[in-house]
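Okay, here's what each chain looks like letter by letter:
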Amino acid sequence: MVRKKRTDVAAGGESSQSQEASGGRGVQRPPAAGCGAYQGGGGRGWAFQSQQGGRGSGGYGVSGRGGPQRGGMSPQHYGAPQQYQGSRGYQPRGPTPSQQQSGAVYESGGRRHESGPFSGCPRPLVPDLPQATQAPYQAGFTLQPMPSVASSASPPPEESHSEVKTLVEQLSLQPEGAPTQAIQPAPPSSKSMRIPLRPGKGSTGIRCIVKANHFCAELLPDKDLHQYDVSITPEVTSRAVNRKVMEKLVVLYRESHLGQRLPAYDGRKSLYTAGPLPFVLKEFIIALTDEEDGAGAPRRERDFRVVIKLAARVDLHHLGLFLQGRQADAPQEALHVLDIVLRQLPTTRYSPVGRSFYSPDLGRRHPLGEGLESWRGFYQSIRPTQMGLSLNIDMSTTAFIEPLHVIDFVTQLLNRDASSMPLSDADRVKIKKALRGLKVEVTHRGNMRRKYRISGLTSQATRELTFSVDERGTMKSVTEYFQETYGIVIQYTHLPCLQVGNQRRPNYLPMEVCKIVEGQRYSKRLNKDQITALLNVTCQRPQGREHDIMQTVRDNDYQNDPYAREFGIRISDRLASVEARILPAPRLKYHDTGRERDCLPQVGQWNMRNKKMVNAGTVNNWICINFSRTVQDRQVRQFCDELVNMCHISGMAFNPDPVLPPITAWPNQVERTLKTRFHDAMTQLHHHPHGRELDLFIFILPDKNGSLYGDLKRICETDLGLVSQCCLTKHVYKMNQQYLANVALKINVKVGGRNTLLMDAISRRIPFVSDQPTIIFGADVTHPHPGEDSSPSIAAVVASQDWPEVTKELLISFSRATGQKPQRIIFYRDGVSEGQFYQVLLSEVDAIRKACDSLEPNYQPPVTFVVVQKRHHTRLFANNHRDWNTVDKSGNILPGTVVDSKICHPTEFDFYLCSHAGIKGTSRPAHYHVLWDENKFTADALQSLTNNLCYTYARCTRSVSVVPPAYYAHLAAFRARFYMEPETSDSGSMTSGMAAGHGGMDPGRRTTRVPGASVKPLPALKDNVKKVMFYC
């Protein structure tokens, strides 16, 4: 270790002096011991904002992001009863507008509950609610989802409505200057808008039993939970250091000063006990030895002043009421306390990341490339359900930095031997970006493995570095210092040194004497190869995943968890057994000229053999450009011929001759090539018999194409005004017929065609849709990757309607084509976490109302607003993995499996639907939660509609896992992301089954966005692109 000598005074480092306790309070000072550790943490929130414009658009706009606010726990009353008795009539959670207008009253009887509030399994039954009556079906309905896209920088969320309001406010049916009726103000708070109760349980489908990775949690009623505020001085940002302090305090003073209580600590400001401590306020002095010191000084023992003060009693009474359905809102404070208690022991054993825990001991490590490796772990969360409290446990995997010698890490990072070749400027930037902030330990001092955090790289090579060794300015080189002091000859003198410590007192460490400390999670964006490697690791068949979950429960041994016993929590060791139903697949309609005019999908899939698209598009004029240097001209022509032929077979009118012959171009000249070729084609089309517009670009790309894909889409859709189809080299070589058929499906919808329809739409048998003109929206929001401060959050909205094309004026177009305005609105909203339900309910449902009112006074069609969630950890397993009547060939539950009991919300309208067949790994059901329902859907009606829509996805002949309107919105939002970040990926999370964010980050991961950072504006789409499903 070399410290550069400085004559000026060093800037403030951490003080080793502790604050002394003031008089009048008992100050406890233990013997010196312990060590510190570091762990980052934090949360992340989002805001939803978009602007709408252009024909047929589903808008994407930009928004800032801010963390969700959570208030502290308020003091609670004593005396929660141990037993609830009596009956209670159910009331709605606030009248809906339609109820206010019609004077309808919604009632149901309660049942008498004789069990205690926290009896676990089984829990008191929630009263059955009456089914709504289905309306007669009078009108047909078909789906044609279309995008609506525009861009703008958005104001802060509190200063603007959601994109839905902006979307429709521009679509006025009134002449300019016409008077409008005053719009009702938004509800003042969530108390005036209530999430609807469950309208009974569904009955459609074949009944079966499935297992869920939920474990009953029983809470003993005799525990008196207390919350204490904790203040640790000097304040540190690391939860791990805070926990070290509190762990030592408990060890030293549990018997003498804590009344033998075993407290649970959240790592920040709160401490919880199962009973009162023998004091209201007390101070302690705890001494810890620093684990590391960036300045290289001798490790110090630091004193921490800990003040523990009674804050409140945790009210479990309302948790019991909520689980019994006698209280509307979930008591989040009580659930938060129970989560902290059950996380306490795993936190001491493993590396906590969000709600997951990881360790190299929980499974085999797998290299991911460029110095990363995967660690196995598990997710754990306490949840309120119909069966009482349940502990949701799932397997998880994320990326960590490999504990390599820094030289080996750099070799992997650069993908070449870094020990001999000099580094380029680009190499230095890449190494510095990868190493900055990492902890390393030195290897040249024997057993003394001091740890340091890297702050940067030296600009000079090691052999050129010198430093002052005394006050007279005597200089010595780094290589001389290590040879004289440690007897080490530095071999890689051409490499820069690591710079550790602060900038005022830089310290130099040669790379070869440093090793990366184990257990550092990688929170940045993974590249495509790393994503592929991580997916291969996380992919696990259902039977194997179920086995690992059960093994995790056994290893965690909750029965002997001292914290669980202290707080009276009992966890079952059996998977929850849940009643489910398998919904039937819908029959699909194809064109009458095909040999097969309709088909019934089998196990969630079908094919286009002997079928023609129900509304085939036309491609008169097209050109092809090859950006792959390994594909020959002859192969390009052959591939284009095969693709055109497949489009013909599928029913499209596709001119077999391109406007210009295919050419091969360099990827680094993409913009010039496209614009030149486009200009040449348009010149040629002035004399062309098939019109004067270019319909389609076909591109052949290298398998690894970096930013090329994003650049092509941006230029075509925002500059040239063209749709395009990209094909990878590997598919050009294979020319697989199934692949060509799927590409034909995508091309057809891009040029304005429609692939298939639901037969029930034609025969007018879709409940709550066929009886009245209905429009369906889908919305999603995507956030930038960690560290990309200049990228916006992007929202997208798509919509579907009856016969006409959905254009800029979505509702106006509907009205003109059908002679009437939409009488129902169904809105599927993706990208919403549970903590944001009321925020979305307050802002977006009200925005929809105002948007409709802006079309015409008193125009308020009933709205059903459904949140679609995929980032959850509930998994469903077959009750018998060998029963081929209940599993598909991958071992997963059958498509159409729906669950609306036991593991669902105690009272609200939600369900899990596995609408797709498993291909690889364990299927993840989508979770649908109804936040607003003026249409009064029955459980069967909404579940069947959602399942049937999943068979209408335009890009393949399979049912998909998420309802297509939300899926299309996701695609549109990520297409906008490509415009901003050409090398982005539309992959979702990278935890096991992809449940968190890139790099294995949890949904609650912290953002690195710098406040006030400038956000790049989105380029605007061309009008003719907005008319079609360009994002498919």
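What you see is a predicted model; the values in this text were computed from it and never measured. (Residues numbered from 1 in each chain as written. Predicted model: local features only at pLDDT ≥ 70, side-chain atom pairs only at ≥ 80, totals over all residues. Heavy atoms only, no water.)

### Structural notes on the nonpolar core
Grouped burial of nonpolar side chains is what soluble globular proteins tend to show. Applied cut-off: We define a nonpolar core as any set of buried Ala, Val, Leu, Ile, Met, Phe, Trp, Tyr and Cys residues linked to one another through side-chain atoms lying within 4.5 Å. Think of it in three bands: with a 1.4 Å probe and only protein chains considered, a residue is buried below 20% of the maximum accessible area for its type, exposed above 50%, and partly exposed in between. To qualify as a helix, a DSSP run of H or I must reach at least 4 residues; to qualify as a strand, a run of E must reach at least 2; elements of each kind are numbered from the N terminus.
Core analysis: the largest hydrophobic core is formed by 86 residues, its most contacted members being Tyr-828 and Tyr-928. Broken down by element, this core gets its largest block of residues, nine residues, from helix α21 (residues 964-980). Core analysis: the second largest hydrophobic core is formed by 58 residues, Ala-217, Leu-258, Leu-391 and Ile-393 among them.

### Quick notes on the pattern of salt bridges
Put simply, the rule reads: Definition used for salt bridges: Asp or Glu carboxyl oxygen within 4 Å of a side-chain nitrogen of Lys or Arg.
Here the structure, examined in full by the defined rule, presents 33 salt bridges. For the salt bridge of Lys-211 with Glu-546, the shortest nitrogen-to-oxygen distance reads 2.8 Å. One end of the pair, Lys-211, is in strand β5 (residues 206-212); the other, Glu-546, is in helix α10 (residues 542-556), with 335 residues separating them in the sequence. Of the two residues, Lys-211 and Glu-546, both sit in the buried class. In this structure, the salt-bridge partner of Glu-596 is Lys-611, at a minimum N-O distance of 3.2 Å. Pair noted here: Glu-596 is in the loop between β26 (588-589) and β27 (598-599) and Lys-611 is in the loop between β27 and β28 (618-619), with a separation of 15 residues, a long-range link. On the basis of relative accessible area, Lys-611 is assigned to the buried category, the value being 5%. Here the residues in one salt-bridge network are Arg-365, Glu-373 and Glu-518, joined through shared partners.

### Concerning unusual backbone geometry
The phi torsion of most residues other than glycine is negative, and most of the peptide bonds are trans. Thr-233 connects to Pro-234 through a cis peptide bond whose omega is 0°. Mapped onto the fold, Pro-234 is located in the loop between β7 (225-233) and α3 (239-253). Of note in this structure, Lys-902 is not a glycine but carries a positive phi near 65°. Looking at the element boundaries, Lys-902 is found in the loop between β40 (897-899) and β41 (910-914). Of the residues examined, Lys-902 reaches a relative accessible area of 33% and is grouped as partly exposed. Backbone geometry places Lys-936, a non-glycine residue, at a positive phi of 55°. Inspection of the secondary structure assignment puts Lys-936 in the loop between β42 (926-933) and α20 (939-949). Accessibility expressed as a relative area gives 32% for Lys-936, which makes it partly exposed.

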